[in-house]
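# Structure assessment
Okay, here's what each chain looks like letter by letter:
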Amino acid sequence: MATTICPVCNKATSSTFCEHCGFEIHILPTTVSAEVKAYEKKRIAKYMDRLAKMKEEQEAHETTKRELEELRAEKKAAASVEPSSTEVPIPFPKELVIADKCPVCEAQMTEEQTYCEHCGWTRIIYPQVVPPAIVRMEEERLAKMKEAYQKRLDTERQQATDTKSLNEEIERQKKLVTDVQNKNKELTESNKELFEELFTTKGELSAVNEELGIANGKLDIANKKITTAESERDVAKGNLETEKTEHDKTKELLDAEKRKLSESQRLLQEEKNAHAATKRALEALRKAAPTPRPTPTPNPVNHGEKKGEVVFNGNGKTVKQPLYEGTNVFTAPQGIGCPISGDLFQVEVNGVEVRVFNVNGQTLRVNGREIGPKGKQVYSDDVLTVGNIKVALDLPD
């Protein structure tokens, strides 16, 4: 795409995702509805608020880091001063120094580690007996670090929830724009037909009125012409009834289209539910006890960038094979128990979408739906079935 200015950070970028702040840029039509404009403005505001929260979190982390440095300095100063005559040294609590895990986030640590790579906790090894002030200082330091770590977890969860909500709202607005455009096109064509019928009817009525005037003017001369005029008037009346009937039919067609739209929405919801069920089944397969991997059949050499993995499940075994940018042709791995020999399917990765094609003529389905000759676009966690085996696609978000 051409270079554009990010509405969040006001920096130039040439991608649909800002290279500086990561904001997803939508290229909208010149004319959009007020609802779409309001939504886009709200989306930009939410992302800016998210960046501000991330900055606050970073500042809080720096503050915690400075407090830790101050505590270390106090500890060092306390170690260089003789204990107060009123404070008798006590055994250092064992719960403040756990050998095999971090006391803040409970991540695994070795006895030699003095720094937790997961949350940043610094482990200080004290003597077995220390002044009570040292114990209080260590307890306070641990409490502050736990509080900071919990705040970071809450912020990350909120960010994930906000991102999911934004993505769902984007898809809803895209569908709304498409539906409105289709409806406008349909109404425009219907109005054009109605106007044409209206002008035709007006012309016919004018002709009838003219003939009636001539007949009334010659009433004393030709009674037969009066009868003819009345007959023509009846014809015009029949035309009006026909127009009314056509109008009623048009209304019935519009009502039928509304019912079809409702049915389409219901089918879309069923497809979403089926996708969710498939995703849960895939998670269950991934959580199953791992089994020994047989030696997979190598795929054709592909020098493109790796874009994910293809996971084969069959005969009680699981085999993973890499997925690269470009054309990928897959056969059944050894020991997977697939009765079909030769190439099973082909996966095209072109940077915009991932599409699966059936190359062996056997039945190939994605989430229970058969794949046609033009292939089918797939997404992460979609499940393919080939014969008696299942194939999952593990793609980056």
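Provided above is the structure to which this section pertains.
Residues numbered from 1 in each chain as written. Predicted model: local features only at pLDDT ≥ 70, side-chain atom pairs only at ≥ 80, totals over all residues. Heavy atoms only, no water.

Once that is clear, we can look at the overall build of the chain. Counting its regular elements, the chain contains three helices and 14 strands. Relative to the compact-globule value of 21 Å for 397 residues, the chain shows a C-alpha radius of gyration of 37 Å, a clear excess of over 25%. By its C-alpha atoms, the chain is 140 × 60 × 35 Å across when sized along the principal axes. Counting only residues that meet the buried cut, the chain has 25% of its 397 residues in that class. Long-range contacts, defined here as pairs at least 24 residues apart, represent 43% of the contacts in the chain between residues at least 6 apart. By element, 54% of the accessible surface of the chain is carried by carbon and sulfur atoms, the whole surface being about 26800 Å². One finds the centroid of the 60 positive side-chain charges in the chain at a distance of 2 Å from the centroid of its 66 negative side-chain charges. (Helix = DSSP H or I, 4+ residues; strand = E, 2+ residues; numbered from the N terminus. Rg over C-alpha atoms; globule rule 2.2 N^0.38 Å. Buried < 20%, exposed > 50% of the residue type's maximum accessible area, 1.4 Å probe, protein only. Contact = heavy atoms within 4.5 Å. Areas by Shrake-Rupley, 256 points an atom, 1.4 Å probe, with all protein chains shown as cover. Lys, Arg positive; Asp, Glu negative; His and termini not counted. Charge placed at Lys NZ, Arg CZ, Asp CG, Glu CD.)

On the surface, E189, E193, E196 and E197 cluster together into a negatively charged patch. Examined against the element boundaries, E196 turns out to sit in helix α2 (residues 132-217). (Patch = residues over 30% accessible without salt bridge, like charges linked within 9 Å, V, L, I, M, F, W, Y side chains within 5 Å. Salt bridge = Lys/Arg side-chain N within 4 Å of Asp/Glu carboxyl O.)

Attention shifts here to the environment of R43. With respect to the element layout, R43 can be found in helix α1 (residues 34-80). Note on R43: relative accessible area 3%, which makes it buried. Each C-alpha atom, one on R43 and one on F23, is 9.9 Å from the other, the two residues being 20 residues apart in sequence. Setting aside its immediate chain neighbours within four residues, R43 contacts F23, E24, H26, L166 and I170.

Next up on the list: the sheet that holds strand β5 (residues 306-314). Adjacent strands of a sheet form backbone hydrogen bonds with each other and so pair up, either parallel or antiparallel. The strand order across the open sheet built from six strands is β6-β5-β14-β13-β10-β11, with neighbouring strands paired in antiparallel fashion. On the outer flanks of this sheet lie β6 (317-324) and β11 (369-370), each paired with one strand and no other. Where strand β13 (residues 383-386) lies against strand β14 (residues 389-394), four bridges are found, and the strand directions are antiparallel. For V383, the partnering residue across the bridge sits in β14 and is A392. (Pairing = 2+ DSSP bridges.)

Another point: the sheet that holds strand β8 (residues 343-349). If you trace the four strands from one edge of the open sheet to the other, you get β7-β8-β9-β12, paired in antiparallel fashion. One side of each edge strand has no neighbouring strand; the edge strands of this open sheet are β7 (326-331) and β12 (376-378). If you compare each strand with its neighbour and ignore which way they point, the axes differ by 30° on average. Judged from the six bridges that link them, β7 and β8 form a sheet pairing that is antiparallel. Residue pairing for β8: G326 is matched across the bridge by V349. (Axes fitted to C-alpha atoms, helices over the stretch in contact; angles between N-to-C directions.)

Turning to the packing of aromatic side chains, a few remarks are in order. Tallied over the full model, the rule gives four aromatic pairs. Look at F23 and Y47: their rings are 5.1 Å apart centre to centre, the planes differ by 65°, and that puts the pair in the edge-to-face class. Placement of the pair is F23 in the loop between β2 (12-13) and α1 and Y47 in helix α1, with a sequence separation of 24 residues. A residue is classified by how much of its surface remains accessible, and F23, at 1% relative accessible area, is buried. Judged by relative accessible area, Y47 falls into the buried class, the value being 11%. Here the aromatic rings of F312 and F330 are separated by 6.4 Å at their centres, their planes lie at 55°, and the arrangement is tilted. Placement of F312 in strand β5 and of F330 in strand β7 is noted, with a sequence separation of 18 residues between them. Given the relative accessible area of 0%, F312 is considered buried. A relative accessible area of 0% means that F330 is categorised as buried. Through successive ring pairs, a cluster of aromatic residues spans F312, F330 and F345. (Phe/Tyr/Trp six-rings, centres within 6.5 Å; stacked < 30°, edge-to-face > 60°.)

Quick look at unusual backbone geometry now. Residues apart from glycine generally show negative phi values, whereas peptide bonds are mostly found in trans. Notably, E106 is not glycine yet its phi reads approximately 65°, a positive angle. For E106, the position within the fold is in the loop between β3 (90-91) and β4 (129-130). On the accessibility criterion, E106 (54% relative accessible area) is exposed. One non-glycine residue, N315, lies in the positive phi region at around 55°. Relative to the assigned elements, N315 resides in the loop between β5 and β6. Look at N315 and you get exposed, because its relative accessible area is 57%.

All right, on to the layout of surface pockets then. For the second largest pocket, the calculated volume is near 570 Å³. If you trace the second largest pocket, you find 25 residues lining it, with E57, A60, H61, T64 and A148 closest to the centre. Secondary-structure elements contributing two or more residues to the lining of the second largest pocket are α1 and α2. The leading source of residues in the lining of the second largest pocket is α1, at 13 residues. A per-class count over the lining of the second largest pocket returns seven nonpolar, seven polar and 11 charged. (1 Å grid on protein atoms, 1.4 Å probe; cavity = no way out; pocket = protein on both sides within 12 Å on 5 of 7 lines; lining within 4 Å. Points joined across faces, edges and corners; volume = space filled by probe spheres on them. Nonpolar A, V, L, I, M, F, W, Y, C, P; charged D, E, K, R; others polar.)

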